[in-house]
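Spelled out, the chains give:
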Amino acid sequence: MAKLKLPTPTEALDRVRETEVWRSIFRPGSIFRRGYRDTSRDRALATMNNVLYHLHPVKMKRHGLKLTYTFCLGGLSFFLFILLTITGIYLMFFYRPAAELGSAAAYTDMQNIRTSVFFGDLVRNLHRWGAHLMVFTVTLHMARVFYTGSYKPPREFNWVVGVLLLFLTLGLSFTGYLLPWDQLAVWAVTVGTSLAGYSPLIAKQANFLLLGGVIVGPDTLLRWYVLHVLALPFVLVIFLSVHFWRIRKDGGISGPL
Amino acid sequence: MARDDTALDQETFDRVLAEELGKGTDRRVAEGRARAAALRAARAKSGEGPAATPAPAPAAGDGGAPEPAAAPAAVAAPAAVGATAPAAAAPASVAAATLTAPERQAPAPTGNVPEPKKGAPEKHRLLALVPPEGIQRVEREQGDRINVWPHLLIEEFVAMMIVLAALTIFATFVNAPLRELANPNLTPNPSKAPWYFLGLQELLRYFHPMVAGVLFAPTLVLLALAVAPYVDRNPSTKPGDRKIAITLFTMLLMFGAVLTIIGSFFRGTGYNWVWPWAQGVFFEL
């Protein structure tokens, strides 16, 4: 029997990377492709030929790397949004937005998520704390942008989009707050929406529109659930796209001061 | 075929360039015109002149309505025709075809889908000339620039991993609150809004609801923030030049933060004032 010579791991990997399948997946310039060299050209291609990275320009101002300029706050807000989307989708598998008298499925589902769902408690905690953190980072991001004067021409409109995104973030956080359907959620939302009830002229209409009734009830839950998992994220993603696109169009990172 | 591979007639190029520059044409435009003229000259020399210069003759026999040769129309046409006006200074031998071009006659639109010409080659040339006035000259300083990959992407990745790790550790040890089932008949004491609205709730203690509720806080603050870039006409981004803007914004931020902290930690049963170190904290996230 002829002695079988096994390829070393490096050789095996190289052989896999030579295949048509591999080369069709990783476009030229990918660091996973064979023959990536640490040259200016391949560094540029690595950014351009990747669906995620091509949000970024190929080159940027050196000072933009300085942590004390951006504190990574915008990027972290986006990262938290992704994290909240992923954990949120997981929670959606185990949650029904139903709170009719006598059933309160929403609350029962919450208890099940905490006790019997695989990693349910951790995922819920991540979602909750991540959401609070996101409100925080978005606010801080706004402060950073203001203090660096980054809202000045040509970035005025991107600042306006950013204010909208802050508003949407608050909306997402607030609508999500009701979903556990416990005493904390319902009464916090009752107090919160009563603030809107003080609006002049349209107080009643505004409140009715928000609550789907005169008090926080099952209709409110369904309404806020749809807003929370679908409507608001949809709008947010649209404005987020505009926000990112405008950063590039307006000349990348602002500054240096 | 790459631009630089094209054979050019150097003599024509130099002459046309000199003439165009003499007329005060912008250098880039002049080079373009000289290049176009030199290209045609080179082709004429090598004997493929007629083929490379599409005949600008009117569409014979069609008898369509005459159409003035408007500049944009000519521009969209193939190279030789498009260069009609700019190439006026080119030598007669080269520019003859274009100089003597009559006004273009286009057949009236018939609405029929055009049939492919019999025996037409499979390949076609795509060529466009950009009118000089359509060229935007973008001048930007190169500056001190670095590659996004790997420098920025690695920084972002590390920042994300740190936040993810911290959040996961926090979420492992600190449970999100879940109280008893909602009961519309039993109001908890105190009942507070989520923390980001507590500043607003606190404000309601001091002002008429109409002022604090909708007129003041959300509308005014959001509107003020949104119009800030249009109100602040100061072009400088240096902190030293922006004392007013920075002061105002810091005041707004501090105002919101103080109200939120008071609403969160200094309000207890009945939403009355408490000292958190004495009576405890009435706050839930």
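No experiment lies behind these values; they were computed from the predicted model shown.

Parameters and conventions
- Residues numbered from 1 in each chain as written.
- Chains lettered and ligands numbered in written order.
- Predicted model: local features only at pLDDT ≥ 70, side-chain atom pairs only at ≥ 80, totals over all residues.
- Helix = DSSP H or I, 4+ residues; strand = E, 2+ residues; numbered from the N terminus.
- Buried ≥ 20, exposed ≤ 12 C-beta atoms within 10 Å, placed from the backbone.
- Contact = placed C-beta atoms within 7 Å.
- Rg over C-alpha atoms; globule rule 2.2 N^0.38 Å.
- Axes fitted to C-alpha atoms, helices over the stretch in contact; angles between N-to-C directions.
- Parallel < 35°, antiparallel > 145°, perpendicular 65-115°, else oblique.
- Nonpolar A, V, L, I, M, F, W, Y, C, P; charged D, E, K, R; others polar.
- Pairing = 2+ DSSP bridges.
- pLDDT = per-residue confidence, 0-100.
- Left-handed = near helix turned anticlockwise from the far one by under 90°.
- Core = buried A, V, L, I, M, F, W, Y, C linked by C-beta atoms within 7 Å.
- Expected span 1.5 Å × (residues − 1).

Asker: Even after reading the chapter, I still don't get the overall build of chain B, so can you show me in this structure?
Answerer: Each helix and strand in chain B was counted, giving 11 helices and one strand. Helices and strands in chain B line up, N terminus first, as α-α-α-α-α-α-β-α-α-α-α-α. Counting across all 285 residues of chain B, residues that qualify as buried make up 21%. Long-range contacts, defined as pairs at least 24 residues apart, comprise 61% of the intrachain contacts of chain B with a sequence gap of at least 6.

Asker: Explain the overall build of chain A here, please?
Answerer: In terms of regular secondary structure, chain A is built from 11 helices and one strand. For chain A, the C-alpha radius of gyration of 24 Å lies well beyond 18 Å, the compact-globule estimate for 257 residues. Taken over the C-alpha atoms alone, chain A extends approximately 80 × 65 × 30 Å along its principal axes. Taking all 257 residues of chain A together, the buried fraction comes to 36%. Across chain A, every contact between residues at least 6 apart in sequence was considered, and the portion connecting residues at least 24 apart equals 60%.

Asker: Is there a simple way to explain the packing of helix α8 (residues 156-178) of chain A against helix α9 (residues 183-196) of chain A in this structure?
Answerer: A packed helix pair is summarised by two numbers, namely the angle formed by the two axes and the spacing between the axes. All names here are of chain A. Contact pair α8 / α9: the axes reach a minimum separation of 7 Å and the direction vectors enclose 135 degrees. With respect to α9, the element α8 is oriented oblique. Of α9, the residues touching α8 (which contributes Phe174, Tyr177 and Leu178) are Ala185, Val186, Ala188, Val189 and Gly192. Within the contact of α8 with α9, the residues separate by chemical class into seven nonpolar, one polar and no charged.

Asker: Please explain the interface of chain B and chain A as it appears in this structure.
Answerer: How big an interface is tends to be expressed through the accessible area that disappears when the partners come together. Taken together, the 62 residues of chain B in the interface contact 69 residues of chain A. Put simply, the parts of the chain that give the side of chain B that touches chain A at least two residues each are β1 (145-147), α7 (148-173), α8 (198-206), α9 (209-231) and α10 (243-265) of chain B. If one sorts the elements of the side of chain B that touches chain A by residue count, α7(B) sits on top with 15 residues. Relative to β1(B), strand β1 (residues 59-61) of chain A runs antiparallel, the two sharing three bridges. Paired with A:Met60 across the two strands is B:Ile146, which belongs to β1(B).

Asker: Just checking my understanding: could you explain the confidence of the model for chain B for this structure?
Answerer: If pLDDT is low for a region, its predicted coordinates should not be looked at in detail. Residue and element names in this part refer to chain B. Of all residues in chain B, 74% have pLDDT values of 70 or greater, and the mean over the chain is 77. Element-level pLDDT for chain B is lowest in helix α4 (residues 71-76), with a mean of 40, against a maximum mean of 95 in α7. Counted against residues more than four places away or in other chains, residues 49-98, with its pLDDT under 50, gives 78 contacts. Listed scores for the predicted complex are pTM 0.75 and ipTM 0.92.

Asker: Hey, could you run me through the environment of B:Thr25 in this one?
Answerer: Residue and element names in this part refer to chain B. Among the secondary structure elements, threonine 25 is positioned in the loop between α1 (10-22) and α2 (27-45). Taking the C-alpha atoms as reference, threonine 25 lies 9.9 Å from proline 132; in sequence the two are 107 residues apart. When sequence neighbours within four positions are dropped, the list of residues in contact with threonine 25 reads Glu20 and Ala30.

Asker: In this structure, what is going on with the packing of helix α7 (residues 120-147) of chain A against α7(B)? I would like to understand it.
Answerer: Between α7(A) and α7(B), whose axes approach to 9 Å, the crossing angle comes to 120 degrees. Here α7(B) runs oblique to α7(A), going by the angle between their axes. Between α7(A) and α7(B) lies a crossing whose hand is right-handed. Packed against α7(A), whose contacting residues are A:Leu122, A:Asn125, A:Leu126, A:Trp129, A:Gly130 and A:Leu133, the element α7(B) presents B:Leu167, B:Thr168, B:Phe170, B:Ala171 and B:Thr172 at the interface. When grouped by side-chain class, the residues that make up the contact of α7(A) with α7(B) number seven nonpolar, four polar and no charged.

Asker: In this structure, what is going on with the environment of B:Pro107? I would like to understand it.
Answerer: Within the secondary structure, B:Pro107 is located in the loop between α6 (92-99) and β1. Residues B:Pro107 and B:Glu20, spaced 87 residues apart in sequence, show a C-alpha to C-alpha distance of 35 Å.

Asker: Explanation requested: the nonpolar core in the structure shown.
Answerer: Side chains that are nonpolar tend, in soluble globular proteins, to be buried together. With 61 residues, the main nonpolar core has A:Ala106, A:Leu178, A:Trp181, A:Ala185, A:Val186 and A:Ala188 as its most contacted residues. Secondary-structure elements contributing two or more residues to this core are α5 (73-92), α6 (105-115), α7, α8, α9, α10 (203-211) and α11 (218-249) of chain A together with α8 of chain B. A per-element tally of this core places α7(A) first, with nine residues. If near-sequence neighbours (up to four positions away) are discounted, A:Ala185 is found in contact with A:Tyr177, A:Leu178, A:Leu179, A:Pro180 and B:Ala182. Formed by 12 residues, the second largest nonpolar core is a distinct cluster that contains B:Ala36, B:Ala37, B:Leu39 and B:Ala41.

Asker: Explanation requested: α7(B) in the structure shown.
Answerer: Note on helix geometry: an α-helix contains 3.6 residues per turn, so any two residues three or four positions apart are oriented the same way. Taking 1.5 Å as the rise per residue, α7(B) with 26 residues should run 38 Å; its terminal C-alpha atoms sit 36 Å apart, in good agreement. Structurally, α7(B) contributes buried residues whose contacts are with α3 (40-48), β1 and α7 of chain A together with β1 of chain B.

Asker: How should the environment of B:Gln201 be read in this particular structure?
Answerer: Summarising the element assignment, B:Gln201 is placed in helix α8. Once the C-alpha coordinates of B:Gln201 and B:Tyr271 are considered, the two residues, 70 residues apart in sequence, prove to be 9.9 Å apart. When near neighbours in sequence (up to four residues on either side) are disregarded, B:Gln201 contacts A:Val191, A:Leu195, B:Lys192, B:Ala193 and B:Gly263.

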